[in-house]
Amino acid sequence: MSINTIVELFAKSPLKPLQEHSNKVYDCCRLLPSFFEETFQENWPAADQLYRKMASQEKQAGALKREIRLKLPRGLFLPVDRRDTLDLVSHQDRLANRAKDIAGRVLGRQLVIPISIQPAFKAYVQRCLDAAQQANRVINEIDELLENGFRGREALLVERMIMQLDAIEDNADTLQIDLRRSLMPLEAHYNPIDVVFLYQIVEWVGGLADQALSIGIRLEIMLARA
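Throughout what follows, the structure given in this document is the object of discussion. Being a predicted model, the structure only gives us computed values, none of them experimental. (Residues numbered from 1 in each chain as written. Predicted model: local features only at pLDDT ≥ 70, side-chain atom pairs only at ≥ 80, totals over all residues. Heavy atoms only, no water.)

A separate point is the overall build of the chain. Per the secondary structure count, the chain includes nine helices and zero strands. Secondary structure of the chain in N-to-C order comes out as α-α-α-α-α-α-α-α-α. Counting all 226 residues of the chain, 49% fall into the buried class. Excluding contacts between residues fewer than 6 apart, the proportion of contacts in the chain whose partners are at least 24 apart in sequence is 82%. When the accessible surface of the chain is summed, it comes to about 11,300 Å², and 48% of that surface belongs to carbon and sulfur atoms. (Helix = DSSP H or I, 4+ residues; strand = E, 2+ residues; numbered from the N terminus. Buried < 20%, exposed > 50% of the residue type's maximum accessible area, 1.4 Å probe, protein only. Contact = heavy atoms within 4.5 Å. Areas by Shrake-Rupley, 256 points an atom, 1.4 Å probe, with all protein chains shown as cover.)

Pasting the structure below:
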């Protein structure tokens, strides 16, 4: 996306670039379930291809973030605070960074989730991805919210969506606790270093849901000031 396009987007719809960036971030995150499916089968060439796609999406999201930071018009009237807008972009970008880092760490060590907990792990990854998807949905509602002056039925809809995001993140926390408990009896059967990495991956995946919720919180703060 060119610099002029970024400026034009802000002139047409001040929140549109946020949505463009959020969509690119989610494009990166949504590849994680397929990535882990390939690692379960120890299909490392296929996993590597998916990692490269994620890295490409993350790079594109980073480029969009930098363009928004550099070209967010200072003299153009915006319905939301400029600093809040830039802060929200940074929080969004961390989602893509985390997803890529998870895949990179698993691929680099060729780490395979124990077979006995793979179903629970898949459900956990999907729930954390649900949080990322919900955050993206919320961001994509703010155009309608802008048209209604951040009030009315659309404001209530966004508020409910953020509450749903909070519930998803809470559910992901519960799944993480259960997964850790399931992993404990298996520790003796694995290389201690691998065990450390397994716990780290579980934590990092949970970080996706945490980061998605932080996007909702930042959006709430931004709208409260509008």
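For the rest of this paragraph, the subject is empty space enclosed by the protein. A full pass over the atoms with the stated rule returns one cavity of 30 Å³ or more. Here the largest cavity defines a volume of roughly 50 Å³. Lining the largest cavity, in full, are Ser-22, Val-25, Tyr-26, Gln-92, Leu-95, Ala-132, Ala-135, Asn-136, Ile-139 and Ile-215. Secondary structure elements with two or more residues in the lining of the largest cavity: helix 2 (16-29), helix 5 (82-109) and helix 6 (118-139). (1 Å grid on protein atoms, 1.4 Å probe; cavity = no way out; pocket = protein on both sides within 12 Å on 5 of 7 lines; lining within 4 Å. Points joined across faces, edges and corners; volume = space filled by probe spheres on them.)

With that out of the way, let us pick up the pattern of salt bridges. For side chains of opposite charge, pairing can occur when their charged atoms come near one another. A complete count under the given rule lists nine salt bridges for this structure. In this structure, Asp-48 and Arg-52 form a salt bridge, with 2.8 Å as the shortest nitrogen-oxygen distance. Of this pair, Asp-48 and Arg-52 both sit in helix 4 (residues 44-71), separated by four residues, roughly a single helical turn. A residue is classified by how much of its surface remains accessible, and Asp-48, at 23% relative accessible area, is partly exposed. For Arg-218, the salt bridge identified is with Asp-87, shortest N-O distance 2.6 Å. Taken together, the residues span a long stretch of sequence, with Arg-218 in helix 9 (residues 192-225) and Asp-87 in helix 5 at a distance of 131 residues. Owing to a relative accessible area of 23%, Arg-218 belongs among the partly exposed residues under this scheme. Judged by its relative accessible area of 24%, Asp-87 falls in the partly exposed class. (Salt bridge = Lys/Arg side-chain N within 4 Å of Asp/Glu carboxyl O.)

Should the sulfur atoms of two cysteines be covalently bonded, the bond is a disulfide. Going through the model one piece at a time under the given rule, you end up with zero disulfides. The cysteine Cys-28 is free of any disulfide, with Cys-29 supplying the nearest cysteine sulfur at 5.3 Å. Under the relative-accessibility criterion, Cys-28 is labelled buried at 0%. (Disulfide = S-S within 2.5 Å.)

Let's shift gears to a negative patch on the surface. A contiguous patch of negative charge, built from Glu-159, Asp-166, Asp-170 and Glu-220, is present on the exposed surface. Among the elements that make up the negative patch, the one with the highest residue count is helix 8 (residues 152-183) (three residues). (Patch = residues over 30% accessible without salt bridge, like charges linked within 9 Å, V, L, I, M, F, W, Y side chains within 5 Å. Lys, Arg positive; Asp, Glu negative; His and termini not counted. Charge placed at Lys NZ, Arg CZ, Asp CG, Glu CD.)

A positive phi angle, near 55°, is found at Glu-42, a position not held by glycine. Assignment of secondary structure puts Glu-42 in the loop between helix 3 (32-40) and helix 4. Glu-42 gets classed as exposed once you look at its relative accessible area, which sits at 52%.

Another point: the packing of aromatic side chains. For the structure shown, the criterion picks out four aromatic pairs. Between the aromatic rings of Phe-35 and Phe-36, the centroid separation amounts to 5.5 Å while the plane-to-plane angle is 75°, which identifies the pairing as edge-to-face. Under the relative-accessibility criterion, Phe-36 is labelled buried at 2%. Ring centres of Phe-36 and Phe-121 lie 4.9 Å apart, and the angle between their planes is 75°; on these two criteria the pair is classed as edge-to-face. With Phe-36 in helix 3 and Phe-121 in helix 6, this pair connects stretches of sequence that are 85 residues apart. (Phe/Tyr/Trp six-rings, centres within 6.5 Å; stacked < 30°, edge-to-face > 60°.)

Here Leu-31 shows up in the loop between helix 2 and helix 3. In this structure, the C-alpha to C-alpha distance between Leu-31 and Met-54, residues 23 residues apart in sequence, is 6.8 Å.

Of note, Lys-24 is situated in helix 2. Of the side chains with opposite charge, Asp-27 comes closest to the buried, unpaired Lys-24, at an N-O distance of 4.3 Å. Here Gln-57 takes part through its side chain, which lies 3.4 Å from a polar atom of the side chain of Lys-24. The residues touching Lys-24, leaving out its near neighbours within four places in the chain, are Gln-57, Gln-60, Ala-61 and Leu-64. (Polar contact = N/O pair within 3.5 Å; in protein donor to acceptor, adjacent residues only side chain to side chain.)

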